[in-house]
Amino acid sequence: MLPLIRTEIVEKKRWVTSEDFLTGIAVSQSIPGSIAINTAVFVGNKVAGIPGALSAAFGAILPSFTAIVLVAVFFLRFRELTVVQNFMRGATPAIVALLAAAVLDVGKSALKGFTVIIITAALFLLLIYFHLHPVFALLISAALGLLLGRRR
Amino acid sequence: MFFQLLLTFAKIGVFAFGGGSATIPLIQNEIVNGLHWLSAKEFLELIAIAELTPGPIAVNSATFVGYKLAGVGGAIVATLGVCLPSIILVLIAMLLLQKFAANIWTDKIVRGLRPAVVALIAAAAYSIAAEGISDIKGIIIAVVGFSVLMTHKLNPILVLVLAGVAGIIVYL
């Protein structure tokens, strides 16, 4: 996704410099929400202020919005069909596979050090067995990051 | 209804750290357990559709839930709700960035969030497995899907579609 945005914004349109684009990515990653939309807001604001930011966000959201509404129209009409139900029964285990792969993928780069792995495991168990609210998982994790984050 | 959609998804938007999948437990918490807008089964369908369609999971979920509950107007309001917090936060961050580099502090928080992001994705995998894998066929699809994803750089959407087609065949 990011190389695609970069080619379009930095090389073709020359809206922002390569350096500004990197700052934009850094800002986008440290803020909740999708990186694509956040980067759009960053670039839009750089180029044309708040109206630019809003237009860029609108542009980033519109394609998937349209796609979901179209899918929803058809899905909600045909969801009772056996074919659709069985498609979902097959797709659901694959989502589990997708998420498990994401855990390994993100985990490999994000979880370095014993403490971090223990924190992750503890949060997982709290989420599963004690129904810890997901927001608390984020808050606890961020607080521990501030307390224990000595590196750099 | 519209106002509650806006508010609920704005709440989800504020905590949508780490891209898409880490938001799944929060969406489940709000939409299924809290407000009972969707049943457990409808939630699985929501995630499948959100993952099958290009675009961020949180935004896709908002659009779908909004549409399901209140038509196109609902879809617009919910999508707006989930996107507004991050739009506002990016603009604020850009203002602050010009005045001082708040990098060290935010960097620690962002690094600190990583364990939670991984734990949340793992928790999403666990609860979807508990709800959505009920027999040996499902286990096989999950294991094959996982092996394929780990060994080949296949497009996730393609893997989901193939698994769905496999579902049509094996559950016939």
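1. Remarks on the domain arrangement of chain B
Residues and elements named next belong to chain B.
Phase 1: With domains assigned, chain B is organised as domain 1 (2-131) and domain 2 (133-172).
Phase 2: For domain 1 versus domain 2, the distance between C-alpha centres works out to 25 Å.
Phase 3: Listed as interface residues are 7 residues of domain 1 and, on the opposing side, 4 residues of domain 2.
Phase 4: At the boundary of domain 1 with domain 2, total buried surface from both sides reaches about 410 Å², with 68% on carbon and sulfur atoms.
Phase 5: It is Glu51, Leu52 and Ala129 that lose the most area in domain 1 upon contact with domain 2, and together they represent 78% of the buried surface on that side.
Phase 6: Inspection of the region where domain 1 meets domain 2 yields 0 salt bridges.
Phase 7: Here domain 1 and domain 2 share 1 residue pair in polar contact (both at pLDDT 80 or more) between them.
Phase 8: Elements with a contribution of two residues or more to the side of domain 1 that touches domain 2: α3 (40-52) and α5 (103-132).
Phase 9: At 3 residues, the largest contribution of residues to the side of domain 1 that touches domain 2 is made by α5.
Phase 10: Across the side of domain 1 that touches domain 2, the residue classes break down as 4 nonpolar, 1 polar and 2 charged.

2. Details of the interface of chain A and chain B
Phase 1: Each side of the interface is counted separately: chain A has 74 residues, and chain B has 86 residues.
Phase 2: Of the roughly 7,200 Å² buried where chain A meets chain B, counting both sides, 81% is carbon and sulfur surface.
Phase 3: Taken together, chain A and chain B are joined by 2 salt bridges.
Phase 4: Residue Arg89(A) pairs with Asp135(B) through a salt bridge whose shortest N-O separation is 3.5 Å.
Phase 5: Applying the counting rule to chain A against chain B returns 7 residue pairs in polar contact (both at pLDDT 80 or more).

3. What to know about the packing of helix α2 (residues 18-29) of chain A against helix α3 (residues 35-78) of chain A
The angle between the axes and the distance between the axes are what describe a pair of packed helices.
Residues and elements named next belong to chain A.
Phase 1: Where α2 meets α3, the axes come as close as 9 Å, and the angle between the chain directions of the two elements is 135 degrees. Comparing the axis directions of α2 and α3 gives the class oblique. α3 is crossed by α2, and the crossing has right-handed handedness. Of the residues in α3, those touching α2 at Asp20, Phe21, Thr23, Gly24, Ile25, Val27, Ser28 and Gln29 are Ile35, Asn38, Thr39, Phe42 and Lys46.
Phase 2: For the contact of α2 with α3, a count of residues per class yields 5 nonpolar, 6 polar and 2 charged.

Rules and cut-offs
- Residues numbered from 1 in each chain as written.
- Chains lettered and ligands numbered in written order.
- Predicted model: local features only at pLDDT ≥ 70, side-chain atom pairs only at ≥ 80, totals over all residues.
- Heavy atoms only, no water.
- Domains from an automatic or database assignment.
- Contact = heavy atoms within 4.5 Å.
- Buried area = accessible area lost by both parts, 1.4 Å probe.
- Salt bridge = Lys/Arg side-chain N within 4 Å of Asp/Glu carboxyl O.
- Polar contact = N/O pair within 3.5 Å; in protein donor to acceptor, adjacent residues only side chain to side chain.
- Helix = DSSP H or I, 4+ residues; strand = E, 2+ residues; numbered from the N terminus.
- Nonpolar A, V, L, I, M, F, W, Y, C, P; charged D, E, K, R; others polar.
- Axes fitted to C-alpha atoms, helices over the stretch in contact; angles between N-to-C directions.
- Parallel < 35°, antiparallel > 145°, perpendicular 65-115°, else oblique.
- Left-handed = near helix turned anticlockwise from the far one by under 90°.

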